[in-house]
Amino acid sequence: MEGYLFWILILQIFFIAYRGRVGYSHGVQKDLQYNPKNQPHRTAYHFQPPKNWMNDPNGPMYYKGIYHLFYQYNPYSAVWGNISWGHSISYNLVDWIHIEQAINPTEPYDINGCWSGSASILPGGNPVILYTGSDFRNRQVQNIAVPKNLSDPYLREWIKSDHNPLMTPMNGIDPQFFRDPTTAWEGPDKIWRVVVGSQIKGHGTALLYQSRDFVNWTRSHRPLHFSNKTAMWECPDFYPVSVDGINGLDTSVQDTGTKHVLKASFNDRDYYIIGTYEPETDTFSVNPDFMDSNVKLRYDYGIFYASKTFYDSAKRRRILWGWVLEADGEPDDINKGWSGLQSLPRSIFLDKTGKQLSQWPIEEIETLRRKEVNLQNKEIKGGTMFEITGITASQADIEVSFHLPNLDEVELMHPEWLDPQFLCSEKNAATGGVIGPFGILALASKDLTEHTAVFFRVFRGHDNYVVLMCSDQNRSSLREEVKKSTFGAFVDVDPVEMISLRSLIDHSIIESFGGEGKTCITARVYPKLAIGNESHVYVFNNGTESIRISNLSAWSMKRAQIFPLHKRRKPEID
Ligand code: DQQ
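UniProt lists a comment for the protein under the heading Sequence similarities (unreviewed entry), and it reads "Belongs to the glycosyl hydrolase 32 family." Taken from UniProt, the Subunit (unreviewed entry) comment for the protein reads in full: "May be present in two forms, a 70 kDa monomer and a heterodimer of the 30 kDa and 38 kDa subunits. The ratio of the levels of the two forms within cells appears to be regulated developmentally."

Asker: Outline the overall build of the protein, listing residues and values.
Answerer: Within the protein one finds three helices and 40 strands. In terms of overall size, the protein behaves like a compact globule, its C-alpha atoms giving a radius of gyration of 25 Å where 574 residues would be expected to give roughly 25 Å. Taken along its principal axes, the extent of the C-alpha atoms in the protein is 90 × 70 × 40 Å. Out of the 574 residues in the protein, the part that is buried amounts to 59%. Restricting the contact set of the protein to residue pairs at least 6 apart, pairs at least 24 apart contribute 63%. Counting every atom, the protein has about 24100 Å² of accessible surface; 52% of that belongs to carbon and sulfur. A distance of 4 Å separates the average location of the 58 positive side-chain charges in the protein from that of its 66 negative side-chain charges.

Asker: Describe the site of the ligand, with residues and values.
Answerer: Taken together, the neighbourhood of the ligand is formed by N55, D56, Q72, W80, W115, S116, R179, D180, E234, Y305, A306 and W323. Within the side chain of Q72, a nitrogen or oxygen atom sits 2.7 Å from an oxygen atom of the ligand. Side-chain polar atom of W80 to an oxygen atom of the ligand: 3.0 Å apart, as the coordinates give it. When isolated, the ligand has an accessible area of 310 Å², and the protein chains bury 93% of it. Mapped by element, the contributors of at least two residues to the shell around the ligand are β3 (52-63), β7 (114-121) and β21 (305-312). Looking at side-chain class alone, the shell around the ligand contains five nonpolar, three polar and four charged residues.

Asker: Can you tell me about the sheet that holds strand β8 (residues 127-134), naming the residues and giving the values?
Answerer: The strand order β7-β8-β9-β10 describes an open sheet built from four strands, whose pairing is antiparallel. Each edge of the open sheet carries a strand with a single partner, namely β7 and β10 (158-160). For this sheet, the mean angle separating the axes of adjacent strands, direction not counted, is 30°. As paired elements, β8 and strand β9 (residues 140-147) share six bridges and run antiparallel to each other. Of the residues in β9, the one forming a bridge with T132 is Q142.

Asker: Could you give me a rundown of the nonpolar core, with the residues and numbers involved?
Answerer: Counting residues in hydrophobic clusters, the biggest one holds 62 residues, and the most contacted among them are Y299, L357, I388, I398, F402, F456 and V539. Each of two domains, domain 1 (53-361) and domain 2 (369-557), supplies a minimum of three residues to this core. Counting 24 residues, the second largest nonpolar core, distinct from the first, contains L69, W96, I365 and C520.

Asker: How would you summarise the state of the cysteines if you had to cite specific residues and measurements?
Answerer: Enumeration according to the criterion identifies one disulfide in this entry. Residue pairing for C424: its cysteine sulfur links by disulfide to C470, the two sulfurs lying 2.1 Å apart. Because the sign of the S-S torsion sets the handedness, a value of about -80° for the bond joining C424 and C470 places this disulfide among the left-handed ones. Placement of C424 in helix α3 (residues 420-426) and of C470 in strand β33 (residues 465-472) is noted, with a sequence separation of 46 residues between them. Each member of the pair C424 and C470 is classed as buried. Counting only cysteine sulfurs, C114 is the nearest neighbor of C235, a cysteine outside any disulfide, at a range of 15 Å. The cysteine C520 is free of any disulfide, with C424 supplying the nearest cysteine sulfur at 15 Å.

How each quantity is defined
Residues numbered from 1 in each chain as written. Predicted model: local features only at pLDDT ≥ 70, side-chain atom pairs only at ≥ 80, totals over all residues. Heavy atoms only, no water. UniProt positions renumbered as here; feature names shortened; annotations may be inferred. Helix = DSSP H or I, 4+ residues; strand = E, 2+ residues; numbered from the N terminus. Rg over C-alpha atoms; globule rule 2.2 N^0.38 Å. Buried < 20%, exposed > 50% of the residue type's maximum accessible area, 1.4 Å probe, protein only. Contact = heavy atoms within 4.5 Å. Areas by Shrake-Rupley, 256 points an atom, 1.4 Å probe, with all protein chains shown as cover. Lys, Arg positive; Asp, Glu negative; His and termini not counted. Charge placed at Lys NZ, Arg CZ, Asp CG, Glu CD. Near = heavy atom within 4 Å. Polar contact = N/O pair within 3.5 Å; in protein donor to acceptor, adjacent residues only side chain to side chain. Nonpolar A, V, L, I, M, F, W, Y, C, P; charged D, E, K, R; others polar. Pairing = 2+ DSSP bridges. Axes fitted to C-alpha atoms, helices over the stretch in contact; angles between N-to-C directions. Core = buried A, V, L, I, M, F, W, Y, C linked by side-chain atoms within 4.5 Å. Domains from an automatic or database assignment. Disulfide = S-S within 2.5 Å.

As structure tokens, this is what we get:
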């Protein structure tokens with residue numbers, strides 16, 4: 001009997017040691033990143049914390065050679081709650097080191113959550129954070145935090161000011177609708193301005209506050225902007241863009257060579273308008289305004305919310321981050337142990353037409369490209385498809401330029417087809433047309449029972465061609481319970497010249513850029529069969545007319561190095 005107990009003990013020791021090696025302890029999964037078998041949908045080169053819930057990007061900034069990304073984070077579980085500011089740093093915006101939370105709910109003015117906010121770099125180069133606290137009475141108030149030790153390159157510790165809260169909901173502001181301060185900008189009068197998202201009398205409003213010292217803030221008698229066509233504006237963002245070239249501008253730049261962008265998050269989407277800002281009077285003139293025109297401009301026509309930009313002084317560009325939610329259910333998130341991604345960081349700039357913005361994944365992402373597959377001048381006859389082989393299809397970057405040799409028979413666009421998303425679900429990838437649908441089938445199983453179609457269709461409009469871009473998740477997974485939306489938007493390109501598509505595929509996310517970044521659509525998908533090495537990618541043409549690929553380049557993507565500080569030396573796994 002004693003011998004028997006001895007062997008049980010030995011077996012137990014082995015079992016505990018083994019569980020420790022694969023990252024389990026007390027039944028809690030500790031390190032999900034290195035267990036691809038159990039985590040087919042965890043991403044390899046998108047930013048995510050090691051575990052738990054993440055939502056909005058907060059206070060992105062560049063400070064003394066290091067990029068900082070803060071984010072809404074629940075340190076205790078994979079659902080929203082206990083909101084703190086997670087903090088990670090990077091030297092290249094691709095590889096990240098997770099460090100300790102920067103701001104936690106500890107004070108009466110933020111005890112119910114440290115919600116979204118922004119960083120500003122003051123003259124002399126010192127960073128400050130303005131963020132929303134949900135206070136002990138669940139009122140929303142604005143607070144400030146500064147680095148404890150500016151000589152710590154990671155800026156690990158942040159101190160909250162004794163002056164907090166700096167802005168409180170008074171004079172008609174509903175305490176439930178007062179949040180998400182922007183990066184501040186300085187006017188020619190040396191007065192700082194910030195905007196806070198709100199809803200006044202049911203209308204989405206960008207409240208304007210001014211300060212000389214960043215501590216005492218006065219509300220302007222007029223908001224910077226409001227709209228009676230929307231309700232609450234979350235996470236506003238206000239910044240200049242150059243009318244001439246793609247370089248970004250520091251948030252305080254205001255001159256004749258600039259336009260200004262106001263972004264507001266509402267209805268689960270990020271909308272923007274472009275206008276002219278007069279700092280002397282703090283007026284912002286736009287045409288069209290939010291929800292005015294048929295084309296309601298959005299950063300991304302898929303899953304992308306509560307985004308924020310920052311000016312990268314090192315490379316003179318403006319960079320956009322957005323929260324990409326899960327499309328599976330809460331029980332799935334609890335099971336996975338995590339929820340929420342950040343989009344790839346994207347350069348954002350005014351398009352040549354001046355009528356919209358364009359975006360492109362930052363160039364550093366290309367350092368992850370491996371094993372290029374290339375083909376040129378290939379005809380794809382109507383009703384045919386081919387597989388892109390030689391790359392890891394579940395972790396890939398694909399760029400294709402399509403040429404349309406014959407537009408004579410193009411289908412007519414009906415004047416009532418105003419809603420591109422609806423059009424994409426009516427005319428999905430399986431519904432044959434004349435010029436299109438053509439594009440890619442990503443995260444596809446070998447038998448195609450699972451696939452996500454990212455594709456174009458071309459129509460003849462009243463006096464021009466109309467290009468429709470769709471991302472159709474309808475057949476993306478055999479799992480019944482995951483959301484399978486179809487997204488769509490028009491792309492302002494001339495199909496006589498070329499239509500380009502770039503799709504970045506990363507296990508459960510597909511970020512697609514049509515027309516060189518004029519139209520972006522991000523999708524979340526959770527395939528059951530098309531996972532890991534069982535995933536394939538195809539090019540298809542389901543129109544009657546042939547199309548020609550002038551160039552196709554595809555790469556496997558290397559895993560980015562994204563670890564907590566103490567795990568930095570982990571060997572690379574592709
Ligand atoms: N998320 C934060 C709020 C913000 C919302 C709370 C937008 O500050 O309005 O986690 O997703």
